[in-house]
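A closer look at the structure
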Amino acid sequence: MDNAWIGSIDVSMKKAYTSRAFDIETKELAKYSQSGGQFFGIHASNDGKIMIFTGGVPLKREGKVVGTIGGSGDQDQSVAAAGAAAF
């Protein structure tokens with residue numbers, strides 16, 4: 001994307017990693033990662049590779065996770081979800 005932040009590359013890759021590591025959308029994981037939630041502090045696990053921002057979506061085929069899409073931001077959540085649905 002024109003004028004995108006270079007840091008977004010790392011964020012997107014970590015979102016993809018996170019959604020595969022836990023087989024959940026990062027958007028959903030973020031809900032449970034807030035203060036007082038059952039996964040509070042999870043972002044500090046896995047050598048700092050966990051990203052709990054919206055935009056990581058697992059790709060499933062026949063109920064099994066076979067890959068992921070990781071984007072950055074709410075708009076990318078929509079793109080990742082559409083990609084997963086098309087998959």
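Please refer to the structure placed before this passage.
Bear in mind the structure is a predicted one, so any value in this text is a computation, not a measurement.

Looking now at the nonpolar core. One finds Leu-29, Ala-30, Ile-42, Ile-50 and Ile-52 forming the largest nonpolar core, which totals 5 residues. Aside from chain neighbours lying at most four places away, what touches Ile-52 is Thr-26, Leu-29, Ala-30, Ser-33, Ile-42 and His-43.

Pairing between strand E1 (residues 56-61) and strand E2 (residues 64-70): 6 bridges, direction antiparallel. From the neighbouring strand, Arg-61 faces E2, where its bridge partner is Lys-64. A loop of 2 residues connects E1 with E2, the two strands running antiparallel in sequence, and Glu-62 in this loop sits at a positive phi of about 55 degrees.

Attention now moves to the pattern of salt bridges. Within the structure shown, the criterion is met by 3 salt bridges. Lys-14 serves as the salt-bridge partner of Asp-10, at 3.2 Å between the closest nitrogen and oxygen. You can see Asp-10 and its partner Lys-14 sitting in helix H1 (residues 7-22), 4 residues apart, about one turn around the helix. The class of Lys-14 is partly exposed, set by a relative accessible area of 22%. Across the pair Lys-31 and Glu-28 runs a salt bridge whose closest N-O atoms are separated by 3.0 Å. Here Lys-31 and its partner Glu-28 are both found in helix H2 (residues 26-32), 3 residues apart, which amounts to about one turn of the helix. In this structure Glu-28 comes out as partly exposed when scored by relative accessible area, which is 26%.

Parameters and conventions
- Along each chain, the written sequence defines residue order, and numbers are assigned to residues from 1.
- Side-chain atom pairs in this predicted model are given and counted only at pLDDT of 80 or more, local residue features only at pLDDT of at least 70, and totals for whole chains, interfaces and linings cover all residues.
- Derived side-chain values reflect all non-hydrogen atoms in the structure, with water molecules and hydrogen atoms excluded from consideration.
- We define the nonpolar core as a collection of buried residues of types Ala, Val, Leu, Ile, Met, Phe, Trp, Tyr and Cys that are connected through side-chain atoms lying within 4.5 Å of one another.
- Each residue is assigned to one of three classes by its accessible area relative to the maximum for its type, calculated with a 1.4 Å probe on protein chains only: buried under 20%, partly exposed between the two thresholds, exposed over 50%.
- Contacts: residue pairs with any heavy atoms within 4.5 Å of one another.
- By definition, two strands form a pair when at least two bridges between them are found by DSSP.
- Strands here mean DSSP runs of E at least two residues long; helices mean DSSP runs of H or I at least four residues long; both are numbered from the N terminus.
- The rule for a salt bridge is simple: a side-chain nitrogen of Lys or Arg has to be within 4 Å of a carboxyl oxygen of Asp or Glu.

These figures capture arrangement, not role.
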